Amino acid sequence: MFFAMPAVAMNFSVAPDHPSLPGHFPGHPVVPGVVVLERVLAEIERVHGPLGPLRLPQVKFVQPLLPDERADIEIAGQAPRWKFRVLRGETLIASGEVAL
């Protein structure tokens, strides 16, 4: 794992019929970054409870995620700050920080 401390890990995929895909991008759908972040935040809330207002001081998207591709989320940290990575196999898709 990427993090020195134990990390929460889960995986997800976005179905090809997700409502965000037809316009992002027509003919060559790519999962929008906001959908990826939604999954990251949902996992943090699943483990740590409701977050309330938060900031994303750093987020970097480095590779696209396509519909039906499996991605793994790694999360480390405790309130008020978490670090995350989203990977497709060994390939980094996104990384960043979430802060209360």
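Residues numbered from 1 in each chain as written. Predicted model: local features only at pLDDT ≥ 70, side-chain atom pairs only at ≥ 80, totals over all residues. Heavy atoms only, no water.

Q: Tell me about the pairing of strand E3 (residues 71–78), residues and numbers included.
A: As defined by bridge partners, E3 adjoins strand E4 (residues 81–88) across seven bridges and the pair is classed as antiparallel. Of the residues in E4, the one forming a bridge with Ile-75 is Phe-84. Hairpin geometry of E3 and E4 is characterised by an intervening segment of two residues between the two adjacent antiparallel strands. (Pairing = 2+ DSSP bridges. Helix = DSSP H or I, 4+ residues; strand = E, 2+ residues; numbered from the N terminus.)

Q: Any details on a nonpolar patch on the surface? Residues and values, ideally.
A: Residues Leu-54, Leu-56 and Leu-100 make up a contiguous nonpolar surface patch of about 220 Å² in total accessible area. One can find Leu-54 in the loop between helix H1 (33–48) and strand E2 (55–61). (Patch = residues over 30% accessible without salt bridge, like charges linked within 9 Å, V, L, I, M, F, W, Y side chains within 5 Å. Areas by Shrake-Rupley, 256 points an atom, 1.4 Å probe, with all protein chains shown as cover. Salt bridge = Lys/Arg side-chain N within 4 Å of Asp/Glu carboxyl O.)

Q: Explain the environment of Ala-71 to me, and be specific about the residues and the numbers.
A: Relative to the elements of secondary structure, Ala-71 occurs in strand E3. Residues Ala-71 and Ala-42, 29 residues apart in the sequence, show an inter-C-alpha distance of 14 Å. The residues touching Ala-71, leaving out its near neighbours within four places in the chain, are Met-10, Asn-11, Phe-12, Leu-65, Val-86, Leu-87 and Ile-93. (Contact = heavy atoms within 4.5 Å.)

Q: A description of the pairing of E4 should follow, citing residues and the corresponding values.
A: Sheet analysis places E4 next to strand E5 (residues 91–99), joined by eight bridges and oriented antiparallel. Paired with Val-86 across the strands is Ala-94, a residue of E5. The turn joining E4 and E5, which pair antiparallel and follow one another in sequence, is formed by two residues; a positive phi near 65° is taken by Gly-89.

Q: Give me the nonpolar core: which residues, what numbers.
A: Counting 20 residues, the largest nonpolar core has Phe-12, Val-31, Ile-44, Leu-65, Phe-84 and Val-86 as its most contacted members. Of all the elements in the fold, those that place two or more residues in this core are H1, E3, E4 and E5. No other element matches the five residues that H1 contributes to this core. Ignoring anything within four residues of it in the chain, the contact list for Leu-65 reads Phe-12, Val-30, Val-31, Val-36, Ala-71, Arg-88 and Ile-93. (Core = buried A, V, L, I, M, F, W, Y, C linked by side-chain atoms within 4.5 Å. Buried < 20%, exposed > 50% of the residue type's maximum accessible area, 1.4 Å probe, protein only.)

Q: An account of the pattern of salt bridges is needed here, citing residue identities and associated values.
A: Under the defined criterion, the tally for this structure stands at five salt bridges. With a shortest N-O distance of 3.4 Å, Glu-69 and Arg-88 are connected by a salt bridge. Remark: Arg-88 occurs in strand E4 and Glu-69 occurs in the loop between E2 and E3; sequence separation between them is 19 residues. Exposure remark for Arg-88: the relative accessible area of 21% places this residue in the partly exposed category. For the salt bridge of Glu-74 with Arg-85, the shortest nitrogen-to-oxygen distance reads 3.4 Å.

Q: Please provide a residue-by-residue account of the side chain of Glu-97, values included.
A: Within the secondary structure, Glu-97 is located in strand E5. On the basis of relative accessibility, which here comes to 15%, the residue Glu-97 falls in the buried class. A distance of 2.6 Å separates a polar atom in the side chain of Glu-97 from a polar atom in the side chain of Arg-81. Ignoring sequence-local partners within four residues, the contact set of Glu-97 consists of Arg-55, Leu-56, Pro-57, Gln-58, Arg-81, Trp-82, Lys-83 and Phe-84. (Polar contact = N/O pair within 3.5 Å; in protein donor to acceptor, adjacent residues only side chain to side chain.)

None of the figures reported here should be taken as evidence of function without further support.
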